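# Descriptive analysis of the structure
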Amino acid sequence: MAENLESLTSCPVCSGQTFTPFIACKDYTVSRGTFEIVSCGTCGFVATSPRPAEAEAYKYYQSEDYISHSNTRKGLINKVYAWVRNHSIKKKENLLKQYTKGRRLLDHGCGTGEFLDYCQKHGWDTMGLEPGDDARGQAISNYGLSVIKETEINSLEEKRFDAITLWHVLEHVYPLNERIQKLKSLLKDDGVLIVAVPNHNTAEEKKYREFWAAYDVPRHIWHFDQTSMKDLMKNNGLEVITVKPMVFDAYYISMVSEGYKNGKGGLVAMLSGFWAGFISNSHARGTGEYSSLIYVIKKL
Ligand SMILES: [Zn+2]
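The text that follows walks through the structure, step by step, so that each part is easy to find. Everything numeric here is computed off the predicted structure, so don't read it as measured data.

### Focus: unusual backbone geometry
- Cis geometry is found at the peptide bond from serine 49 to proline 50, where omega equals 0°.
- Residue placement: proline 50 occurs in the loop between strand E4 (46-48) and strand E5 (51-52).
- Cis peptide bonds are those with omega within 30 degrees of zero, and the linkage from valine 217 to proline 218 qualifies with -5°.
- With respect to the helices and strands, proline 218 occurs in the loop between helix H5 (203-208) and strand E11 (222-223).
- A positive phi angle, near 50°, is found at lysine 159, a position not held by glycine.
- Relative to the elements of secondary structure, lysine 159 occurs in the loop between strand E8 (147-148) and strand E9 (161-167).
- Given 12 C-beta atoms within a 10 Å radius, lysine 159 is considered exposed.
- With phi around 45°, arginine 209 is a residue other than glycine that occupies positive phi space.
- Examined against the element boundaries, arginine 209 turns out to sit in the loop between H5 and E11.
- With 12 C-beta atoms counted inside 10 Å, the residue arginine 209 sits in the exposed group.

### Considerations on the packing of helix H7 (residues 247-262) against helix H8 (residues 266-287)
- Where H7 meets H8, the axes come as close as 7 Å, and the angle between the chain directions of the two elements is 135°. Relative to H8, the element H7 lies oblique. In this structure, H7 meets H8 at a crossing whose hand is right-handed. Taken together, the residues of H8 that come into contact with H7 (itself represented by Val247, Ala250, Tyr251, Ser254, Met255, Ser257, Glu258 and Gly259) are Ala269, Met270, Ser272, Gly273, Phe274, Ala276, Gly277, Ser280 and Asn281.
- Along the lines of polarity and charge, the residues of the contact of H7 with H8 split into eight nonpolar, eight polar and one charged.

### Regarding the sheet that holds strand E2 (residues 19-26)
- Spatially, four strands are ordered E2-E3-E4-E11 in an open sheet, and the strand pairing comes out antiparallel. Two strands close off the open sheet at either side, each with one partner strand: E2 and E11.
- Sheet analysis places E4 next to E11, joined by two bridges and oriented antiparallel. Note that in E11 the partner of valine 46 across the bridge is histidine 223.

Reading the values: the criteria
- Residues numbered from 1 in each chain as written.
- Predicted model: local features only at pLDDT ≥ 70, side-chain atom pairs only at ≥ 80, totals over all residues.
- Helix = DSSP H or I, 4+ residues; strand = E, 2+ residues; numbered from the N terminus.
- Buried ≥ 20, exposed ≤ 12 C-beta atoms within 10 Å, placed from the backbone.
- Axes fitted to C-alpha atoms, helices over the stretch in contact; angles between N-to-C directions.
- Parallel < 35°, antiparallel > 145°, perpendicular 65-115°, else oblique.
- Left-handed = near helix turned anticlockwise from the far one by under 90°.
- Contact = placed C-beta atoms within 7 Å.
- Nonpolar A, V, L, I, M, F, W, Y, C, P; charged D, E, K, R; others polar.
- Pairing = 2+ DSSP bridges.

If you want it as structure tokens, here you go:
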């Protein structure tokens, strides 16, 4: 499957050009190939390298198991995931209300549109951006949402949005700094950028290492921690004003990781994963290093 792999030549956080091996992980959901993850020799930022060329990345999203962008309710863990997703949509919208004045929202990477649909029904003027043709089509036909392709982002007027959200999306975006700059230009001066990504500096990663499901190679090309996210935003004239936990992610990621590590699925992985997720969150209450973090970001 991996016809064209390309190595990272420059760190998007510090422009450093030396990289050291960090960990190697298997792609469990689509290709079954192994991918190297490296860390920047200068600032420590962690990235998948080599990685599929951007034009071929779509091939690694073609699986029924890749549920983040589809609605399939297959298997016990996926059912739990769907339930939690519905529950967490409400929490996400509450967070948005807390940090914004106006109600113009862009959800970048809106998938099949469940979050945007909820927001639209709760008074938001919504727009979605979704690169996946199937997901975008579903968002439009299921909910009547306004959803653009990735290439159409350049046609949007500047300073249009009060809030731009990226729920587990930035770790997939190839032109990282370029896209952050674009999103900044689309935000009003008092607008808020909300970025949720996995956090590899979590106790849960220490437990699962190469089996930690949130590495999700090669779809995740960037692997953030709090330091790299803050530096990346600062370089782009943005500031992380607060960091919030996503407590459900520890359970979901641990359940999937159990399956990868022990080859077990269903109830066994679910129970061991639930316990591991509980331990992960207990640990993170002391350190702040949850499995996934939500960064609330404003213009400097
Ligand atoms: Zn670096």
